[in-house]
Amino acid sequence: MTGLSGISGAVVQRKGGNRFMVHWRCRLFMADKKIHNAVITSVFDKGFGLLFLQAVPMNTIMNVEFGLSFNERPHKIRFKGVVDYCLIRSDNTGADIDLLTTKIANEDQHTINNILQALAESKEFNLRL
């Protein structure tokens with residue numbers, strides 16, 4: 001996936017291999033000490049894609065928390081990530097952000113790896129981005 005960067009219009013390559021479309025509500029904790037709501041729109045091997053109401057500078061560090069149910073068990077996932085990509089949507093619905101995971105508990109990473117494997121093996125062709 002590619003996008004244009006800022007004023008220069010240079011093409012930016014988004015990181016990550018196979019991306020899968022998801023819709024997980026999450027909470028972001030940033031340097032302003034406020035809790036912000038966002039939606040995780042994609043998951044990939046190196047991180048997550050988010051839809052957030054505002055643009056965020058590159059290299060911004062965020063703490064993220066979200067819950068999901070996998071294999072009929074609830075999981076609360078927490079990780080720290082750094083903004084690697086940010087593109088404001090032309091329809092004024094927010095910004096698409098890629099967060100590369102910098103710190104995550106081993107158990108949470110194991111859960112995410114299992115989810116990625118399940119999505120890759122799924123017969124739903126429209127989950128892949």
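This section reports on the structure supplied with the text. In this convention, every chain numbers its residues from 1, walking through the sequence in written order. Two thresholds apply to this predicted model, a pLDDT of at least 70 for residue-level local features and 80 or more for giving and counting side-chain atom pairs, whereas whole-chain, interface and lining totals are computed over all residues. Excluded from the side-chain calculations are hydrogens and water; all other atoms, namely the structure's heavy atoms, are used.

Let's shift gears to the packing of aromatic side chains. By convention, a stacked pair of Phe, Tyr or Trp rings (six-membered ring in the case of Trp) has centres within 6.5 Å and planes under 30 degrees apart, an edge-to-face pair has planes over 60 apart, and any other such pair is tilted. Applying the stated rule across the entire model yields four aromatic pairs. Seen in terms of ring centroids, phenylalanine 48 and phenylalanine 66 are 5.7 Å apart; in terms of plane orientation they differ by 70°. Their pairing is edge-to-face. Residue phenylalanine 48 is located in strand 5 (residues 47-52), and its partner phenylalanine 66 is located in strand 6 (residues 61-70); the two are separated by 18 residues in the primary sequence. Each member of the pair, phenylalanine 48 as well as phenylalanine 66, carries the same accessibility label: buried. Here the aromatic rings of phenylalanine 48 and phenylalanine 79 are separated by 4.5 Å at their centres, their planes lie at 20°, and the arrangement is stacked. Taken together, the residues phenylalanine 48 in strand 5 and phenylalanine 79 in strand 7 (residues 73-88) connect sequence positions 31 residues apart. What counts as a helix is a DSSP run of H or I of at least four residues, what counts as a strand is a run of E of at least two, and both are numbered from the N terminus. In this scheme, a residue with accessible area under 20% of its type's maximum is buried, one over 50% is exposed, and one in between is partly exposed, where area comes from a 1.4 Å probe on protein chains only.

Only buried residues count toward a nonpolar core, which is a set of Ala, Val, Leu, Ile, Met, Phe, Trp, Tyr and Cys residues joined through side-chain atoms within 4.5 Å. Counting 29 residues, the largest nonpolar core has Trp24, Val43, Met62, Phe66 and Ile112 as its most contacted members. Residues contacting valine 43, with those up to four places away along its chain left out, are Asn18, Arg19, Phe20, Val22, Trp24, Phe48, Ile112, Leu116 and Leu119. Here, two residues are considered to be in contact whenever any of their heavy atoms come within 4.5 Å of each other.

At least two DSSP bridges between two strands are required for those strands to pair. Taken in spatial order, the six strands of this closed barrel run 3-4-5-8-7-6, and their pairing is antiparallel. Geometrically, the sheet is characterised by an average inter-axis angle of 45° between neighbouring strands, direction not taken into account. Taken together, the nine bridges between strand 7 and strand 8 (residues 95-104) define a ladder with antiparallel strand orientation. Directly across from valine 83, in strand 8, lies its bridge partner leucine 99. Lying on the sheet, helix 1 (residues 106-121) is in contact with strand 3 (20-29), strand 4 (35-44), strand 5, strand 6, strand 7 and strand 8; it crosses strand 7 at an angle near 80°. A fitted line through C-alpha atoms represents every axis, and for helices the fit uses only the stretch in contact; the resulting angles, taken between N-to-C directions, go from 0 to 180 degrees.

Take the pattern of salt bridges next. We define a salt bridge as a contact between a side-chain nitrogen of Lys or Arg and a carboxyl oxygen of Asp or Glu at a distance within 4 Å. The full count for this structure, using the stated rule, is four salt bridges. The partner of arginine 27 in a salt bridge is glutamate 65, and the shortest N-O contact between them spans 2.4 Å. With arginine 27 in strand 3 and glutamate 65 in strand 6, this residue pair connects regions lying 38 residues apart in the sequence. What makes arginine 27 partly exposed here is its relative accessible area of 34%. Within this structure, Arg27, Glu65 and Arg78 form a network of salt bridges that share partners.

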